[in-house]
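# Residue-level structural notes
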Amino acid sequence: QVQLVESGGGLVQAGESLTLSCVASGSIARVNDMGWYRQPPGKQRELVATITRGANTNYADSVKGRFTISRDNAKNWVYLQMHNLRPEDTAVYSCNAVIVPLNSNRGQTSWGQGTQVTVSS
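Residues numbered from 1 in each chain as written. Predicted model: local features only at pLDDT ≥ 70, side-chain atom pairs only at ≥ 80, totals over all residues. Heavy atoms only, no water.

Let us now look at the packing of aromatic side chains. Applying the stated criterion across every chain yields a total of two aromatic pairs. Arranged with centres 5.1 Å apart and planes meeting at 65°, the rings of Y37 and W111 form a pair that is edge-to-face. Taken as a pair, Y37 in strand β4 (residues 28-39) and W111 in strand β10 (residues 108-111) lie far apart in primary sequence, 74 residues in all. Pairing W77 with Y79 gives two aromatic rings, centres 5.9 Å apart and planes at 0°, and the pair type is stacked. W77 gets classed as partly exposed once you look at its relative accessible area, which sits at 27%. (Phe/Tyr/Trp six-rings, centres within 6.5 Å; stacked < 30°, edge-to-face > 60°. Helix = DSSP H or I, 4+ residues; strand = E, 2+ residues; numbered from the N terminus. Buried < 20%, exposed > 50% of the residue type's maximum accessible area, 1.4 Å probe, protein only.)

Right, dumping it as structure tokens:
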């Protein structure tokens, strides 16, 4: 059984920075693609950024140049550095990963429980 646990959310003012962290734990053989998604109040969940095991990244247009995704393959961590935060970045941010469990050759998608990020104007 595997799980993802996020940390680092909170309340900040517009223009400030925040870093989110997420770790995958359990009986893991390998973690493939990892990513961050967010769900603003009253809206659907949307992609923020993804990163492959080889560190290829993809960002939503709304965060390009402000957010940076990175990962530590050895320790199964993924990070999201957020700079110049805006009120419209307010959302529940969730970590996502495709994890190959031990004794398996098939990846399964897992989600964290989410962490709240609130940006005040």
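The structure having been displayed, the exposition proceeds.
The side-chain alternation of strand β11 (residues 115-120) yields one buried face, formed by T115, V117 and V119, and one unburied face, formed by Q116, T118 and S120. Sheet topology note: the strand β9 (residues 91-101)/β11 ladder contains three bridges and is antiparallel. If you follow Y93 over to β11, its bridge partner there is T115. (Pairing = 2+ DSSP bridges.)

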